[in-house]
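Residues per chain are reported as follows:
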Amino acid sequence: MPKLNFHSSESEKIRQTQKLLDDVFQLQYRRSKSIHAYESGQIVENVFNIIAVMTEKNKKIFEFRFVKGFKNTQVITMLDYPESTYYRRKRLAIKEFIDLGGELEFLNTKRH
């Protein structure tokens, strides 16, 4: 498993993406279920398309943490991972999501 440099620009991109997933995706996911939700639905559809092609271990972490909205401690318990393994795998899952998502607009948009 590759080591991650926690002070690199890649690591910063992972942190920003995690924040976007925690904030923006959860909001868009809830909005996509409403009647006036075309744009939100597109974002949610794009995210689900990326998740569909992720590796199985990363997909599970991603779905539990960001789609279903479980807290980190709950996901650790559900997957029966040691805490350090979970956080390492979560970072790798976010990195895979970034790599697969490439040019998705909501990943590249800076929030004010």
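Conventions and cut-offs
Residues numbered from 1 in each chain as written. Predicted model: local features only at pLDDT ≥ 70, side-chain atom pairs only at ≥ 80, totals over all residues. Heavy atoms only, no water. Core = buried A, V, L, I, M, F, W, Y, C linked by side-chain atoms within 4.5 Å. Buried < 20%, exposed > 50% of the residue type's maximum accessible area, 1.4 Å probe, protein only. Helix = DSSP H or I, 4+ residues; strand = E, 2+ residues; numbered from the N terminus. Axes fitted to C-alpha atoms, helices over the stretch in contact; angles between N-to-C directions. Parallel < 35°, antiparallel > 145°, perpendicular 65-115°, else oblique. Contact = heavy atoms within 4.5 Å. Nonpolar A, V, L, I, M, F, W, Y, C, P; charged D, E, K, R; others polar.

Some thoughts on the nonpolar core
Move 1: Within the largest apolar cluster, 13 residues are counted, with the highest numbers of intra-cluster contacts made by Leu 21, Ile 51, Met 54, Phe 62, Phe 66, Ile 94 and Phe 97.
Move 2: Sorting elements by how many residues they give to this core places helix 5 (residues 83-101) first, with four residues.
Move 3: Ile 61, Phe 64, Ile 76 and Leu 79 belong to the second-largest nonpolar core, a separate cluster that totals six residues.

Some details on the packing of helix 4 (residues 72-79) against helix 5
Move 1: Two elements in contact, helix 4 and helix 5, have axes separated by 10 Å at closest approach and are oriented at 110°. Judged by the angle between their axes, helix 4 and helix 5 are roughly perpendicular. Residues Asn 72, Val 75 and Ile 76 of helix 4 form the contact with helix 5, whose own contacting residues are Glu 83, Tyr 86, Tyr 87 and Lys 90.
Move 2: Here the contact of helix 4 with helix 5 is built from residues that sort into four nonpolar, one polar and two charged.

Geometry only, nothing functional implied.
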